[in-house]
Amino acid sequence: MKISVLTMFPQMFDGFLCSPLVQRALKKQIAEIEIMDIKEYVQGSYRDIDESPYGGGNGMVIRCDAVLPVLNRIRTEQSHVIVLTPAGNTFVQKTARRLMTADHLILIAGHYEGLDQRIIEEADECISIGDYVLSGGELPAMVIMDSLIRLKEGILREGSSEDESFENDRLEYPQYTKPAVYEGKEVPSVLLSGNHEKIRIWRKKESLRLTMRYRPDLLEIREPDEEEQEYIRQINNE
Ligand code: SAM
């Protein structure tokens, strides 16, 4: 999989590209990441990258004649072009699962007041990482790349993403590690019992408890099965 990012601030990706996850993906040739500095492509031309908006108003808008020539140069039949914008569909785990199979993703990061609408119209889809406004699309691009890459085969230990939050429309159960007791706080004894069935049941119930408390909306996306309904009854009676 190749991911190209069109940005005005490529230096923001320096730390991300050094992260263990990305380094593993690059070394194993699971992903190729290309950070493209839009400024380089307009350097020497008479054009600026941004201009004040037609119709008046605050801030600057990224010009389509700065971005579209770069996009058209790298876009192929295999490319899937994503514009990062607060106006896009919200990025969720299922989006990551869908996009991880793409051959070539192109992520376009805006800045300032945003991108000229004619750039947005060239996208295959628009993605937002949540209902808040950031100063640029660089952090959203890194969020998306991180979540996709970690799902790729060969990055995490096999099966380690199966129980993770959102994979099954539930939050993950609480995790503990050594020491078994810390300043009087004990790890639940069932986790030390070695009884796999009891551990499975405890995890399922605690996953439900967290989901009911923090994300009850997930229980509407996938209705509880019979086993889960029983645990929900038990939790409600505690
Ligand atoms: N004026 C725009 C609006 O009100 O929707 C906001 C522009 S924002 C300051 C600048 C850039 O940051 C956007 O073009 C986009 O690329 C990126 N951005 C900001 N918040 C985002 C979010 N929640 N999801 C994805 N991209 C975002």
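Residues numbered from 1 in each chain as written. Predicted model: local features only at pLDDT ≥ 70, side-chain atom pairs only at ≥ 80, totals over all residues. Heavy atoms only, no water.

Draft legend 1. Fine view of the overall build of the protein chain. When you go through the protein chain residue by residue, the secondary structure sums to 10 helices and nine strands. Once the C-alpha set of the protein chain is aligned to its principal axes, its extents read approximately 70 × 40 × 40 Å. Within the span of the protein chain, comprising 238 residues, buried residues form 43% of the whole. Once local pairs closer than 6 in sequence are excluded, the contacts in the protein chain between residues at least 24 apart make up 74%. With an accessible surface of roughly 14,300 Å², the protein chain has 48% of that area assigned to carbon and sulfur atoms. (Helix = DSSP H or I, 4+ residues; strand = E, 2+ residues; numbered from the N terminus. Buried < 20%, exposed > 50% of the residue type's maximum accessible area, 1.4 Å probe, protein only. Contact = heavy atoms within 4.5 Å. Areas by Shrake-Rupley, 256 points an atom, 1.4 Å probe, with all protein chains shown as cover.)

Draft legend 2. Expanded view of the domain arrangement of the protein chain. Assigned domains within the protein chain: domain 1 (2–149) and domain 2 (181–237). Spacing between the C-alpha centres of domain 1 and domain 2 amounts to 39 Å. (Domains from an automatic or database assignment.)

Draft legend 3. Molecular detail of the pairing of strand S1 (residues 2–7). Counted residue by residue, S1 has five buried out of six residues, so it is predominantly covered. As paired strands, S1 and strand S2 (residues 32–37) are joined by six bridges and run parallel to one another. By the bridge assignment, Lys2 is partnered in S2 with Glu32. In the sheet, S1 pairs with strand S6 (residues 104–109) via five bridges, with the strands oriented parallel. Counterpart to Ile3 in the pairing with S6 is Leu105. (Pairing = 2+ DSSP bridges.)

Draft legend 4. Focus on the state of the cysteines. Summed over all chains, the structure comprises zero disulfides. Considering cysteine sulfurs only, Cys126 is the nearest to Cys64, which forms no disulfide, with 15 Å between them. (Disulfide = S-S within 2.5 Å.)

Draft legend 5. Examining the packing of aromatic side chains more closely. Under the criterion given, the structure shown has zero aromatic pairs. Positioned over the ring face of Phe9 is Lys39, at 5.3 Å from the centre of the ring. (Phe/Tyr/Trp six-rings, centres within 6.5 Å; stacked < 30°, edge-to-face > 60°. Lys NZ or Arg CZ within 6 Å of the ring centre and 35° of its normal.)

Draft legend 6. The arrangement of the site of the ligand in detail. Around the ligand, 19 residues are found, and the nearest of them are Leu84, Gly110, Glu113, Tyr132 and Leu134. In this structure, an oxygen atom belonging to the ligand sits 2.9 Å away from a main-chain N or O atom of Gly110. Contact between the ligand and Gly136: an oxygen atom at 3.4 Å from a main-chain N or O atom of the residue. Alone, the ligand offers 590 Å² of accessible surface; in the complex the protein occludes 82% of this. At the level of elements, strand S5 (79–90) and strand S7 (125–128) are the ones that each hand at least two residues to the shell around the ligand. Broken down by element, the residue count for the shell around the ligand peaks at three residues, all from S5. (Near = heavy atom within 4 Å. Polar contact = N/O pair within 3.5 Å; in protein donor to acceptor, adjacent residues only side chain to side chain.)

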